Amino acid sequence: MGPHCNYSIGELPKKQTAGCDRPDTAFVWFLNPLKSIKYLICTRYKWLIIKTVLALLGLLMLALFLYSLPGYMVKKLLGA
């Protein structure tokens, strides 16, 4: 220990610890990565995701309609 140090090993002087005061939310992104990923994706691509999901649902409905159409046509023609 030098002549200018009046603290023991493991202690930090008061002026060094004063600058380390951070808010509690400084590392929330690090502690909860799923929440930060959700925030990044939802803010940037929210409308793109909504439009894509709606388009996929529409395509699914069209595919189901075209898949079941021949069966209903035959039933209608044969009067069953």
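Residues numbered from 1 in each chain as written. Predicted model: local features only at pLDDT ≥ 70, side-chain atom pairs only at ≥ 80, totals over all residues. Heavy atoms only, no water.

In the annotation of an unreviewed UniProt entry, the protein is listed under the name Otoferlin and assigned to Camelus dromedarius. The annotation that UniProt attaches to the protein under Subcellular location (unreviewed entry) is "Membrane". (UniProt positions renumbered as here; feature names shortened; annotations may be inferred.)

1. A closer look at the overall build of the protein
Regarding its fold elements, the protein presents three helices and zero strands. Reading the helices (α) and strands (β) of the protein from amino to carboxyl end gives α-α-α. Among the 80 residues that make up the protein, the fraction classed as buried is 1%. Approximately 8,100 Å² of the protein is accessible, and the part contributed by carbon and sulfur atoms is 70%. (Helix = DSSP H or I, 4+ residues; strand = E, 2+ residues; numbered from the N terminus. Buried < 20%, exposed > 50% of the residue type's maximum accessible area, 1.4 Å probe, protein only. Areas by Shrake-Rupley, 256 points an atom, 1.4 Å probe, with all protein chains shown as cover.)

2. Details of the UniProt feature "transmembrane region" (unreviewed entry) in the protein
Under the UniProt annotation, "transmembrane region" (unreviewed entry) lies at residues 48-69. With 100% helix and 0% strand, residues 48-69 has its two end C-alpha atoms placed 31 Å apart.

3. So, helix α3 (residues 33-78)
A bend of about 80° at Tyr45 is the largest found in α3. Gly79 occupies a position one or two residues after α3 and carries a positive phi of about 75°. (Bend = angle between axes of the 7 residues up to and from the residue.)

4. Details of the confidence of the model for the protein
The share of residues in the protein with pLDDT of 70 or more is 62%, and the mean pLDDT across the chain is 77. Per-residue pLDDT, averaged within each element of the protein, yields its smallest value for helix α1 (residues 14-18) (53) and its largest for α3 (89). (pLDDT = per-residue confidence, 0-100.)

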